Amino acid sequence: MNDLDVLKVFCAGDGRYGNLLGVVRDGSSCPDDASRQALAAELGYSETVFVDDPERGVVDIRTPGTRMAFAGHPLVGVAWLLDIEELRPPAGAVWARDDGEFTWITARAEWVEGKRTEQYASAAEVEALPAPPPGEGWLYAWAWEDERAGRIRARGFPRRPDGAVVEDEATGSAALLLTAQLNRALNIIQGAGSQILTAPGPDGTIDIGGRVRFASPRAGGN
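> Let's hear about helix 2 (residues 72-82): which residues, and what values?
The periodicity of an α-helix, 3.6 residues per turn, causes residues three or four positions apart to be oriented the same way. Counting buried residues along helix 2, nine of its 11 residues qualify, which places the element largely inside the surrounding structure. Gly 72, His 73, Pro 74, Leu 75, Val 76, Gly 77, Val 78, Ala 79 and Leu 81 are the residues of helix 2 that are buried. Looking at the residues trailing helix 2, positive phi occurs at Asp 83, about 50 degrees.

Structure (structure tokens):
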């Protein structure tokens, strides 16, 4: 597909890791629900974004199995790719900015659906979890690495019935939810080594930031 870009979102400082994201720049190339869902399933990334209006920032976000009103890493990735100040997923208007190293979006915790956070006693316990842990429902497992500094170790497990994505490398929406629950800025290392920065705003919004790089299609997470 000529208009497909593959990005790594929430990369480490050296450009490694990051969650893979497919972006279809011309949404009209997949004009209907069935073709979009089929492509998202074929690509197999945790999310694929279809850009329906690049000037107004109208986007459609798909997992391999469903459509989403909001997701963090797809919006950070598209904001970086399109160099745009506002995005319009179904959940509502999302402001975006770039500070030269990190791309940031501003969103609301109430837009995050179907995810649960669970604190563990240590980073080692989080790292030792099987993929996925037993149970049902989207689990964001986390522990403090340095509570005073706001540093967290986390892993994300969709535990979807289709099993298309066993572990999410970097999950912006879950990081947003955790930031709202703790009400403080966080520096999160998730998955194999991806980095997510967050900060609560004064009006109930949350800023989520990360590095974005191009990746080769169907590349690994590093």
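> Could you give an account of the pattern of salt bridges, naming the residues involved and the relevant values?
A complete count under the given rule lists 15 salt bridges for this structure. As a salt-bridge pair, Arg 108 and Glu 110 come within 2.8 Å of each other at their nearest N and O atoms. When its relative accessible area of 53% is taken as the criterion, Glu 110 is described as exposed. Each of Asp 33, Arg 36, Asp 52, Asp 60, Arg 62 and Arg 67 takes part in one network of salt bridges that share partners.

> Would you mind going over the side chain of Arg 211 in detail, with residue names and values included?
In this structure, Arg 211 sits in strand 14 (residues 205-214). Within polar-contact distance, the side chain of Arg 211 engages the side chain of Glu 101 at 2.9 Å.

> Can you lay out the pairing of strand 14 for me, pointing to particular residues and giving the numbers?
Among the 10 residues in strand 14, eight count as buried, and that is most of the element. Both strand 1 (residues 4-11) and strand 14 contribute to a ladder of four bridges, which runs antiparallel. Following the sheet pairing, Cys 11 is matched in strand 14 by Arg 211. Note that strand 8 (residues 103-108) and strand 14 share six bridges and pair antiparallel. Across the sheet, residue Thr 106 finds its bridge partner in strand 14, namely Asp 207.

> Tell me about the side chain of Glu 47, and please be specific about residues and values.
Following the sequence through the fold, Glu 47 ends up in strand 3 (residues 47-53). No salt bridge is formed by the buried Glu 47; the nearest opposite charge belongs to Arg 160, separated by 4.1 Å. Of note is the side chain of Glu 47, whose polar atom sits 3.4 Å from the side chain of Ser 46. Sequence-distant contacts of Glu 47, that is, excluding residues within four places in its chain, are made with Leu 20, Leu 21, Gly 22, Ile 61, Arg 62, Thr 63, Met 68, Ala 71, His 73, Pro 74 and Arg 160.

About the criteria used
- Residues numbered from 1 in each chain as written.
- Predicted model: local features only at pLDDT ≥ 70, side-chain atom pairs only at ≥ 80, totals over all residues.
- Heavy atoms only, no water.
- Buried < 20%, exposed > 50% of the residue type's maximum accessible area, 1.4 Å probe, protein only.
- Helix = DSSP H or I, 4+ residues; strand = E, 2+ residues; numbered from the N terminus.
- Salt bridge = Lys/Arg side-chain N within 4 Å of Asp/Glu carboxyl O.
- Polar contact = N/O pair within 3.5 Å; in protein donor to acceptor, adjacent residues only side chain to side chain.
- Pairing = 2+ DSSP bridges.
- Lys, Arg positive; Asp, Glu negative; His and termini not counted.
- Contact = heavy atoms within 4.5 Å.

Worth remembering: the numbers are spatial, not functional.
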